[in-house]
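# Coordinate inspection notes
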Amino acid sequence: MTERHEQKLSPVALHHALEEVWGTKPGWRRLATINHNVVGKRFMLTALIFFAIGGLLAMLIRVQLASSESVFMDADQYAQVFTMHGSIMMFLFAIPFFEGLTIYLLPKLLGTRDLAFPRMSAYGYWCYLFGGSILIAALVGGVAPDSGWFMYTPLSSSTYAPGINSDVWLLGITFVEISALSAAIEIIVTILKLRAAGMSLDRMPIFAWYMLVVATMMLVGFPPLILGSILLELERAFDLPFFDPTHGGDPLLWQHLFWLFGHPEVYIIFLPAAGAISTILPVFASTPLAGYRIIVAALVSMAFLSFGLWVHHMYTTGIPHVALSFFSAASALVAVPTAIQIFAWLATISHGRPRFSIPMLHIFGFFFVFVIGGLTGVMLAMVPFDWQAHDTHFVVAHLHYVLVGGFVFPMMAAAYYWLPHITGRQPVQHLSQAAFWMIFIGFNVTFFMMHLTGLRGMPRRVFEYPRESGWETLNFISSLGSFVMAMGFALLALDFILLFRFGRRYHRNPWKAGTLEWAMPTPPASYNFASLPSVDRRADQLDPNMLGAQLAAGEGYLGFLRDDRMELLAVNIVSGEPEHVVRFPRQSYLPLLTAVATGGVFGSLLLKLYWLTPLAFIAVVLLFLCWTPDTGEKRDMHSLPIGNHVEVPPHLEAERPPSWWAMILAIVADATSYISLLFGGLFLWVSAPNWPPAVTVEIAIAPCVVIAVLLMLSALCSHRATPAGQHASRYLLICALTQAASTVGFVWLSLTSVPDPSQHAVAATVFIVFVYAGLHCGLSAVLGGYGLWRIRNGYVSARRNLDLRISNLWQEYSTIIGGASLVFPALLASLANGSAP
Amino acid sequence: MTVPPLIALIASFALWSLIFILFYAAQATGCHLVGGDNAMRMSDPYILRGVLSLCVAVASVAMLLLFLKSLRLRRQQPQQAETTSSFFSELATYVWAAALFATPFCFGGVAWLTLCGT
Amino acid sequence: MLAAAAVLFLLVVGLFLTTVFVPHFGRRVTQGQWIIYGGIALPLPLLALLTFFAFWQGEYLLRGAGPPPDDIYRVEAHGTMWSWQFSYPDAPGKAPTQDVLHVPAARTVEIAVTSGDVIHSFWIPRLGGKIDAVPGHVNYLRLRADHPGRYGGVCSEYCGTGHAGMRFEVEAFEDAASAAESESKERK
Ligand code: HEM
Ligand SMILES: [Cu+2]
Ligand SMILES: [Cu+2]
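Residues numbered from 1 in each chain as written. Chains lettered and ligands numbered in written order. Predicted model: local features only at pLDDT ≥ 70, side-chain atom pairs only at ≥ 80, totals over all residues. Heavy atoms only, no water.

### Some thoughts on the interface of chain C and chain A
Across the boundary between the two partners, chain C contributes 65 residues, which contact 77 residues of chain A. Across the interface of chain C and chain A, roughly 5700 Å² is buried in total on both sides, 75% from carbon and sulfur atoms. The largest contributions to the chain C side of the interface with chain A come from Phe16(C), Ile35(C) and Tyr158(C), which together make up 12% of the buried area. Between the two partners, chain C and chain A, sit zero salt bridges. Summed over the shared surface of chain C and chain A, the number is 10 residue pairs in polar contact (both at pLDDT 80 or more). Mapped onto the side of chain C that touches chain A, the elements with two or more residues apiece are helix 1 (2-21), helix 2 (31-41), helix 3 (43-62), strand 7 (130-133) and strand 9 (149-155) of chain C. Residue composition of the side of chain C that touches chain A, grouped by class: 39 nonpolar, 19 polar and seven charged. (Contact = heavy atoms within 4.5 Å. Buried area = accessible area lost by both parts, 1.4 Å probe. Salt bridge = Lys/Arg side-chain N within 4 Å of Asp/Glu carboxyl O. Polar contact = N/O pair within 3.5 Å; in protein donor to acceptor, adjacent residues only side chain to side chain. Helix = DSSP H or I, 4+ residues; strand = E, 2+ residues; numbered from the N terminus. Nonpolar A, V, L, I, M, F, W, Y, C, P; charged D, E, K, R; others polar.)

This is how it looks when you write it as structure tokens:
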């Protein structure tokens with residue numbers, strides 16, 4: 001197997017050989033592709049379709065509001081329209097679009113061939129598509145969510161929203177969020193492990209730093225929302241009263257969980273766009289980005305600060321002023337990192353030789369619009385101003401200035417900048433200018449007026465307003481502006497289509513950029529680089545023309561095909577030295593099938609076919625297990641040549657390969673949601689009405705002790721099994737059995753310690769904590785069984801014990817979760833009983 | 001002491017986040033225990049205020065000391081201009097400075113703003 | 001605040017356009033200085049001042065935007081889908097009203113806001129801030145109508161299909177006597 005690459009292939013032969021393995025196959029087999037080029041483009045295209053739908057809904061809103069006492073829509077239709085507009089734009093357009101862009105671009109910028117877990121990208125795409133389709137189907141069927149994009153309870157709970165509408169939101173969005181979480185894990189791991197050789201962290205292109213920060217924010221930002229959605233769905237479906245004030249729940253808990261996600265979300269949307277600007281703007285200024293280091297420091301600070309200001313969406317809920325002050329001060333501070341970036345960009349332009357072209361025009365649009373949005377944002381961060389402006393059209397104006405300025409304009413710049421990469425053609429620029437100005441002027445006319453209507457007291461989400469309110473003229477102007485903007489977007493779409501059809505072909509690197517994505521033929525081949533680059537300076541100051549030719553000639557690493565497998569290089573996280581070869585699984589339909597089964601879980605919940613849910617869930621687990629044979633190896637390989645006389649081990653024999661890090665990150669995300677759950681329980685004790693509860697939670701000590709002992713035993717055995725020594729199977733068996741027994745124990749506890757979880761929030765919380773622990777132990781048991789099966793089939797050796805190490809991470813983690821879940825309910829129960837005022 | 005550079009980078013703000021959660025929890029729990037939020041509407045829970053103010057002062061000073069200590073640690077390592085380690089030590093200094101500033105700035109309000117109730 | 005925002009906006013957009021179109025503009029300032037002055041030295045003091053001022057203003061508004069409130073007039077506002085009921089614990093014998101709130105002018109009024117079903121938000125745009133009516137909680141809002149007259153109020157948190165119509169009116173009276181008078185008129 002090592003002979004084949006010794007004789008060097010000609011570039012064309014190499015291309016054909018690689019394309020055979022990496023390329024997407026025609027016909028139905030397209031559905032099996034896992035290639036990031038294809039998946040990234042699918043993400044972006046789907047997101048654009050959702051953008052068009054959301055935009056259409058926006059136009060319906062503007063038609064309705066153009067005149068007072070309009071009869072175009074009734075209140076119920078209007079509610080569905082604005083809820084779906086907001087939800088589509090946030091969840092189905094903005095996030096997936098930048099995910100798609102990142103999936104497409106990131107491996108190229110980093111100098112590698114794909115993302116770390118290509119099958120997960122494909123699975124994420126299908127989840128996104130199916131989840132989004134559920135929402136659109138509901139819209140068409142007239143049963144779309146109608147409680148606003150942040151679904152405040154109790155308006156969205158079963159008492160006041162008995163229909164299926166809210167379920168569609170909770171389940172559809174959660175389904176979509178799976179793709180966001182898996183993308184987050186994938187992006188982090190890819191950035192940390194799959195870079196070009198020699199690309200130490202300080203040499204990364206700045207976009208990678210942005211995405212590292214964004215993905216980390218997603219990793220801890222989405223779990224609270226997913227948890228909240230699950231709790232609310234449980235309340236709706238099974239009457240577990242987490243948010244119901246009449247049974248010891250609290251509607252404010254939902255708001256905390258939602259905005260704990262919701263505010264970071266805004267930065268999650270803005271930062272990729274800012275990263276695009278930091279990549280594009282220096283190219284047009286013909287000089288490297290100024291202040292690379294301080295920008296990275298600003299990003300890190302911003303990431304943390306942005307988690308400390310969620311309550312600025314809740315200034316009017318009656319939280320004491322001191323608590324508001326924490327969040328208000330943090331909201332003010334978060335403006336500083338943004339200012340640093342803005343002035344770093346200005347510094348870059350001032351020290352370069354700026355060229356003006358279409359992407360720069362959109363960057364101008366960004367500066368103009370986003371700065372206004374930022375300034376109104378600082379105003380809204382000030383508590384007294386917000387008391388006045390909250391929930392008015394002023395906020396609608398602000399949020400569109402931020403989202404359109406901070407996301408749509410930069411993304412249009414990015415589109416004009418990278419479309420030549422995707423299509424291999426350059427724009428002809430007839431319509432581009434006109435399209436920009438129509439969007440720009442239309443946008444400002446539409447939304448500037450809303451500041452004024454808002455300050456004159458027009459609340460948001462009203463489908464009609466009285467004639468004598470004095471808001472009619474301003475609203476009419478807004479609506480006119482929005483039509484200009486809509487035509488601008490239509491023109492933009494036309495411009496893109498023309499580019500695809502008639503764009504000029506170009507040779508290479510049309511913008512004279514210094515980043516790696518241009519060091520390849522365009523449109524790119526499925527494998528990006530025929531051989532992998534190594535870099536010796538910051539990867540935005542390279543010479544793509546020269547590098548491109550060398551890499552195509554196979555002069556870099558891995559410029560050959562081994563065993564007909566997709567291979568790429570993993571490096572040391574910090575220094576970028578080559579560490580091991582990652583050998584990818586082959587293309588398969590499994591991602592699609594698993595997504596269909598996952599759809600079965602959500603669909604059965606939505607249609608209240610609860611008997612089907614566990615079956616679908618088991619199908620999902622089994623299908624995921626089917627993913628694994630293709631990642632195993634039945635023999636030790638020790639080390640593999642990667643070209644240029646370097647040899648490194650394969651990832652299965654490496655200490656910390658991508659999949660190990662993925663498990664760590666998954667645990668971080670899971671722990672975030674678990675901690676949110678515990679804090680939620682404590683929050684209810686502090687804040688919710690109708691405490692102390694009339695029910696008493698009694699947790700028997702003896703079974704808890706038994707479970708604790710079982711858990712410790714299992715952790716010990718899991719630890720012992722990991723080196724894959726002689727008795728590994730025996731230890732694993734004990735581990736699996738004890739975890740299974742703990743699962744049974746937790747189920748038993750959840751059924752016996754609380755009289756009836758629907759009676760009071762404390763009972764429901766304790767119940768859910770037990771179930772949560774049970775699920776984790778159950779999964780640990782499955783992983784134990786999986787380890788046994790891998791050992792039995794020869795996939796494991798003392799060198800190839802990666803499976804066991806990854807399982808071990810989870811088993812130890814679930815031991816901790818199990819332990820915490822034994823203590824916390826007792827704590828909460830005693831607080832509840834002792835909390836008589 | 002060899003801390004992975006990415007961890008060192010976020011350590012300062014991780015501390016800030018922890019302080020943030022603790023203060024928010026202490027304020028809410030404190031008001032709850034002092035007698036239910038709205039019983040306290042018009043009279044000031046001065047003991048709670050005193051305790052919290054003291055905590056803010058302590059937290060700020062602790063952050064300052066840690067910052068100085070981390071600076072000293074980083075000074076001790078030999079530094080060349082354009083290396084990965086100098087990159088990270090410069091970054092960590094910036095982020096520390098930001099977290100240090102943010103601590104009294106975000107929590108200073110406990111000294112004088114309405115503590116419980118609206 | 002508005003003026004300052006306008007100045008900052010013109011500054012940033014102006015700088016962008018000049019740096020792009022005037023060659024060599026801003027070369028003499030180093031890149032580091034650009035970032036330090038523009039990104040830190042400029043916004044930080046402004047933000048600090050603004051935040052402090054906002055806290056101070058917030059305290060003032062919490063007191064009801066007037067002198068220290070020792071002579072408070074209490075009312076209760078209860079929101080349900082989709083109307084407001086007002087009752088008057090400080091005016092014994094006064095009947096509850098619906099969608100019309102009677103308050104004395106030039107006196108701090110403390111409104112205890114509650115909800116009977118979903119979240120509403122009590123807002124009289126011309127008199128001050130809003131406060132949510134959260135089921136299970138009592139929130140307090142202190143206001144002051146300096147002059148007698150009628151003020152419009154709205155519900156500003158989306159609360160279902162009747163949200164847009166959940167308006168009410170505030171009548172601020174010179175003194176108790178005219179309040180009683182108006183009430184008797186309304187009864188007729
Ligand atoms: C294409 C032009 C757009 C127009 C004309 C438009 C118009 C509007 C209007 C009038 C509202 C207020 C509805 C109400 O309160 O009654 C609204 C809400 C909203 N818009 Fe847009 N919008 C546009 C684009 C976007 C984009 C690009 C995003 C996000 C990326 C977005 C996100 C939102 C959100 C989150 C809401 C709040 C929805 C809610 O209240 O539940 N919009 N939009
Ligand atoms: Cu926010
Ligand atoms: Cu209402």
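### Side note on the site of ligand 1
Residue and element names in this part refer to chain A. In the vicinity of ligand 1 there are 23 residues, among which Tyr78, His85, His400, Arg460 and Arg461 approach most closely. Contact between ligand 1 and histidine 85: a nitrogen atom at 2.8 Å from a side-chain N or O atom of the residue. One of the side-chain N or O atoms of arginine 460 is found 2.9 Å from an oxygen atom in ligand 1. Broken down by secondary-structure element, the contributors of at least two residues to the shell around ligand 1 are helix 2 (36-65), helix 3 (75-110), helix 13 (393-423) and helix 14 (431-455). Within the shell around ligand 1, the residues separate by chemical class into 16 nonpolar, four polar and three charged. (Near = heavy atom within 4 Å.)

### Observations concerning the coordination of the iron atom of ligand 1
Residues and elements named next belong to chain A. Looking at the iron atom of ligand 1, the protein donor atoms are His85 (NE2) and His400 (NE2), and they sit 1.9 to 2.0 Å from it. Geometry at the iron atom of ligand 1 is octahedral, judged from the six donor atoms that bind it and their angles of 88 to 179° at the metal. Pair noted here: histidine 85 is in helix 3 and histidine 400 is in helix 13, with a separation of 315 residues, a long-range link. For the residue pair histidine 85 and histidine 400, the accessibility class agrees, reading buried in each case. (Donors = N, O, S within 2.8 Å, 3.2 Å for Na, K, Ca; no water. Tetrahedral: all angles 85-135°; square planar, octahedral: opposite > 155°, others 65-115°. Buried < 20%, exposed > 50% of the residue type's maximum accessible area, 1.4 Å probe, protein only.)

### Comments concerning the coordination of the copper ion (ligand 2)
Residue and element names in this part refer to chain A. At 1.4 to 1.9 Å from the copper ion (ligand 2) lie its protein donor atoms, namely His263 (ND1), His312 (NE2) and His313 (NE2). Mapping the donors of the copper ion (ligand 2) onto the primary sequence gives the spacing H-x48-H-H. One end of the pair, histidine 263, is in helix 7 (residues 251-285); the other, histidine 313, is in the loop between helix 8 (292-306) and helix 9 (321-333), and 50 residues separate them in sequence. For the pair histidine 263 and histidine 313, a shared accessibility class is recorded, and that class is buried.

### Regarding the domain arrangement of chain A
Residues and elements named next belong to chain A. Domains assigned within chain A are domain 1 (17-505) and domain 2 (687-834). Taking only C-alpha atoms into account, the centre of domain 1 sits 37 Å from that of domain 2. Taken together, the contact between domain 1 and domain 2 spans 13 residues of the former and 14 residues of the latter. Linking domain 1 to domain 2 there are zero salt bridges. The interface formed by domain 1 and domain 2 contains five residue pairs in polar contact (both at pLDDT 80 or more). Across the side of domain 1 that touches domain 2, the residue classes break down as seven nonpolar, four polar and two charged. (Domains from an automatic or database assignment.)

### Structural notes on the sheet that holds strand 4 (residues 100-104) of chain C
All names here are of chain C. Judged by pairing direction, the sheet is mixed, and its five strands sit side by side in the order 4-10-9-6-7 without closing on themselves. Two strands in the sheet have a free side with no partner beyond their single neighbour: strand 4 and strand 7. Across the sheet, the axes of successive neighbouring strands diverge by a mean angle of 25°, strand direction being ignored. Judged from the two bridges that link them, strand 6 (residues 120-123) and strand 9 form a sheet pairing that is antiparallel. Across the sheet, tryptophan 123 pairs through a bridge with valine 154, a residue of strand 9. (Pairing = 2+ DSSP bridges. Axes fitted to C-alpha atoms, helices over the stretch in contact; angles between N-to-C directions.)

### Comments concerning the packing of aromatic side chains
Inspection of the entire model under this criterion finds 96 aromatic pairs over all chains. Measuring from centroid to centroid gives 5.4 Å for Phe51(A) and Phe489(A), while their planes differ by 75°, and the two rings are edge-to-face. Of this pair, Phe51(A) sits in helix 2 while Phe489(A) sits in helix 15 (residues 472-502), placing them 438 residues apart in sequence. Between Phe175(A) and Phe602(A), the ring centres sit 4.7 Å apart and the planes meet at 20°, which makes this aromatic pair stacked. Of this pair, Phe175(A) sits in helix 5 (residues 165-193) while Phe602(A) sits in helix 17 (residues 590-606); the two residues are 427 residues apart in sequence, bridging distant segments of the chain. Relative accessible area serves as the criterion here: at 11%, Phe602(A) is assigned to the buried category. Over the face of the ring belonging to Tyr795(A) we find Arg790(A), whose NZ or CZ atom lies 4.3 Å from the ring centre. The residue whose ring lies beneath Lys94(C) is Tyr88(C), and the NZ or CZ to ring-centre distance is 4.5 Å. (Phe/Tyr/Trp six-rings, centres within 6.5 Å; stacked < 30°, edge-to-face > 60°. Lys NZ or Arg CZ within 6 Å of the ring centre and 35° of its normal.)

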